[in-house]
Amino acid sequence: MDYNFCNSNIKLRKRLLALILAFGFIFGGLVVRIGYVQLVQGRWLRNLAEDQWHRELSTSAPRGRIYGACGTTLVDNKYTFAIYARPRSIRDAGVVATALAPILNLDVERVTNNIRNAVTGEITLARGVDFERATAVRNLRLEGIYMSYNSTRNYPGGSSLSRILGLTNIDNVGQNGIEGYFDRFLRGVDGMVMTPTDLIGIRLPSRGTRHLPAIPGANITLAVDYNIQSFAESAVQAAHAEWGASGARMLVMDVNTGGIVALAESPTYDLNEPPRNDIDLLNALSKSTLIVDVYEPGSTFKIFTTAAAIESGVVRDTDRFFCGGSHIVDGQRIRCWRSIGHGSVDLIEGVNKSCNVVFMQLAARMGTQQFYQHIRNFGFGQRTGVDFFGESPGLVIREEYVKNIDLARIGFGHAIAVTPLQLVAATAAVVNGGRLMQPHFVTDVTAPCGTTIYNHTPNQIRQVLSQSTSERMRAMLADVVDNGSGSKARVEGFGVGGKTGTAQRYRDGAIDRGNYISSFIGFGPVEDPRYIVLMIVDEPTSYLYYGSILAAPYAGRVLGQIFEYRGLAPTRPPQERESVVMPDFIGTPLIEAVRAAERLGLHVEVAGEGTNVTSTIPSPQTPLKVGDVVLLRAG
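Let me begin by describing the structure that accompanies this report. Keep in mind that this is a model prediction, so the values were computed, not measured.

Description of the packing of helix H12 (residues 302–312) against helix H17 (residues 467–483)
Move 1: Put simply, H12 and H17 touch, their axes get as near as 10 Å, and they point 140° apart. In this view, H12 runs oblique relative to H17, as classed from their interaxial angle. In terms of crossing hand, the pair formed by H12 and H17 is right-handed. When H12 is examined against H17, the residues Ile303, Thr306, Ala307, Ile310 and Glu311 are found in contact with a partner set consisting of Thr469, Arg472, Met473, Met476 and Leu477.

So, in structure tokens, the structure goes:
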């Protein structure tokens with residue numbers, strides 16, 4: 001009896017111990033699970049709860065601003081509103097639609113149907129709503145109607161800089177130009193407006209709306225100088241109109257850094273009102289043909305043939321060439337542009353008179369291998385690496401396929417196609433001491449807090465010429481302006497060098513008869529080059545299609561404006577002219593200011609489309625000379 005009792009007691013204790021261990025294990029598991037849920041899954045579960053009890057509206061982040069070299073704001077932002085409806089929170093769609101339609105310029109019936117037939121919890125009624133209309137909507141206090149503010153792009157200059165800056169789409173994402181190329185920097189982080197609702201989307205009035213602020217994008221500064229840009233834009237618009245051309249273009253670069261200080265093309269369009277309903281037109285007007293398109297440079301390419309020949313040691317200034325109006329290569333006659341010929345000329349005269357025969361013979365002296373080495377060194381047939389979309393490498397016949405007749409034509413700028421940007425960069429190398437600099441638009445990128453993210457350092461790609469060859473080229477190109485075909489590019493008080501060019505346009509691989517590209521590339525001051533300007537007039541309708549007549553005057557005018565704007569000291573004794581003083585035209589009606597300036601003997605340029613003068617270059621009371629150019633900016 002005692003034995004059985006003890007045995008039963010032992011079994012009971014074992015069962016109690018097993019039960020305690022089981023409860024302990026279960027309790028421990030619950031503790032671990034609760035800890036895991038709280039510590040590991042807590043944030044995730046809280047986010048799920050927030051999603052169930054909130055409806056979110058995104059607010060677009062302000063894109064970074066784009067500034068010019070002098071701090072001018074080229075692109076900023078304006079705030080608009082987006083109006084949304086949550087159909088489940090709307091009791092009477094007709095009443096809501098009737099109230100909103102007049103304010104938002106919407107159709108009542110369409111809004112009513114959109115609300116009633118919505119298959120999602122939220123629909124967009126309108127975007128890009130200005131502050132006044134958004135306030136009117138807010139004051140209606142309609143149940144189920146919400147709004148979020150958004151940042152959209154604003155271009156203070158309108159059509160100015162359209163080929164450089166580019167556009168954003170409806171979602172504020174950069175598409176082309178600087179906006180597209182640097183979108184990753186300019187784009188910020190969107191914010192959020194969180195409205196408390198129940199599970200079916202009806203707003204809970206007892207809980208407040210939460211705002212998560214957007215983070216702005218980084219700011220960008222360009223090498224573009226807005227004042228020089230205005231000079232260039234005025235020039236291309238005037239040339240486009242004067243010569244009845246299909247277009248006109250100008251590129252201005254800093255000779256020593258490769259910074260693109262102006263890029264202007266006409267026709268253009270207003271960045272604030274782009275022709276989005278005509279995609280072909282928008283695409284045509286959006287691309288920068290100075291970077292994307294190629295053309296036969298014509299006589300402007302003779303700069304490189306001359307420089308290469310001098311650097312190669314195959315020619316001296318005193319060498320004589322005979323031009324009888326043509327030159328025979330492999331049995332084929334190639335004409336000089338002057339059919340009666342230039343007679344006997346030396347190298348300087350050949351460059352001055354742009355004699356095709358001289359350059360055919362220079363190319364032959366160098367031979368294909370040597371000439372092609374220089375062509376490659378100048379960067380032709382290669383992309384420059386500019387910070388921009390769509391750059392073309394140009395078209396250069398492969399060296400192994402070049403015949404003697406091809407080589408001769410390349411010598412005077414035919415049978416080769418370049419981009420205008422390549423031409424400018426290579427010419428800059430010819431006159432700046434032989435340094436080929438990489439072209440660039442952006443000089444620095446700065447975070448909203450002021451921290452510098454990126455700062456551009458001028459990049460020398462390679463040395464293409466010796467200093468002595470560069471000096472000789474500067475002197476010869478100066479003679480072209482002083483005594484030759486570039487005389488219309490003269491700038492009083494300054495030495496300017498350059499080269500004219502006239503080439504026939506190609507379409508579909510064949511010469512487009514009667515259509516020409518007239519150009520002039522110039523630099524200055526000759527003694528210490530600072531800026532280089534390429535002016536192109538496309539397909540002028542006038543019979544005067546020579547670059548010396550159509551393009552050179554505009555390039556010279558812009559160079560003169562730049563020298564004055566920059567306050568550069570004259571390098572040559574100026575001619576005596578009557579002195580005048582720049583009046584204070586600010587606030588004056590534009591038409592009166594123009595007439596007054598012209599009565600003083602000043603040549604007036606106008607920028608902007610306003611009716612009153614907002615600023616002038618030079619500033620009021622600046623001493624001037626009769627015949628000087630002044631800029632009146634109207635707003």
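Some words on the environment of leucine 263
Move 1: Mapped onto the secondary structure, leucine 263 falls in strand E10 (residues 260–266).
Move 2: By relative accessible area, which is 1% here, leucine 263 ends up buried.
Move 3: For the pair leucine 263 and serine 160, spaced 103 residues apart in sequence, the C-alpha to C-alpha distance is 9.8 Å.
Move 4: Contact partners of leucine 263, with chain neighbours within four places excluded, come to Arg163, Ile164, Gln229, Met250, Leu251, Ser288, Leu290, Ile291 and Phe441.

As for the pairing of strand E23 (residues 531–538)
Move 1: When you tally the buried positions in E23, you get eight out of eight residues, the bulk of the element.
Move 2: Every second residue of E23 is oriented toward a common face, with Tyr531, Val533, Met535 and Val537 on one face and Ile532, Leu534, Ile536 and Asp538 on the other, all of them buried.
Move 3: Bridging between strand E9 (residues 247–254) and E23 involves eight bridges; their strand directions are antiparallel. Among the inter-strand pairings, glycine 247 is bridged to a residue of E23, identified as aspartate 538.

With respect to the environment of alanine 126
Move 1: Here alanine 126 shows up in strand E4 (residues 123–129).
Move 2: Between the alpha carbons of alanine 126 and alanine 82 there is a distance of 5.7 Å; along the sequence they are 44 residues apart.
Move 3: Those residues in contact with alanine 126, other than ones at most four positions away along the chain, are Phe81, Ala82, Ile83 and Leu104.

What counts as what
- Residues numbered from 1 in each chain as written.
- Predicted model: local features only at pLDDT ≥ 70, side-chain atom pairs only at ≥ 80, totals over all residues.
- Heavy atoms only, no water.
- Axes fitted to C-alpha atoms, helices over the stretch in contact; angles between N-to-C directions.
- Helix = DSSP H or I, 4+ residues; strand = E, 2+ residues; numbered from the N terminus.
- Parallel < 35°, antiparallel > 145°, perpendicular 65-115°, else oblique.
- Left-handed = near helix turned anticlockwise from the far one by under 90°.
- Contact = heavy atoms within 4.5 Å.
- Buried < 20%, exposed > 50% of the residue type's maximum accessible area, 1.4 Å probe, protein only.
- Pairing = 2+ DSSP bridges.

The values reported here are purely geometric and, on their own, carry no functional implication.
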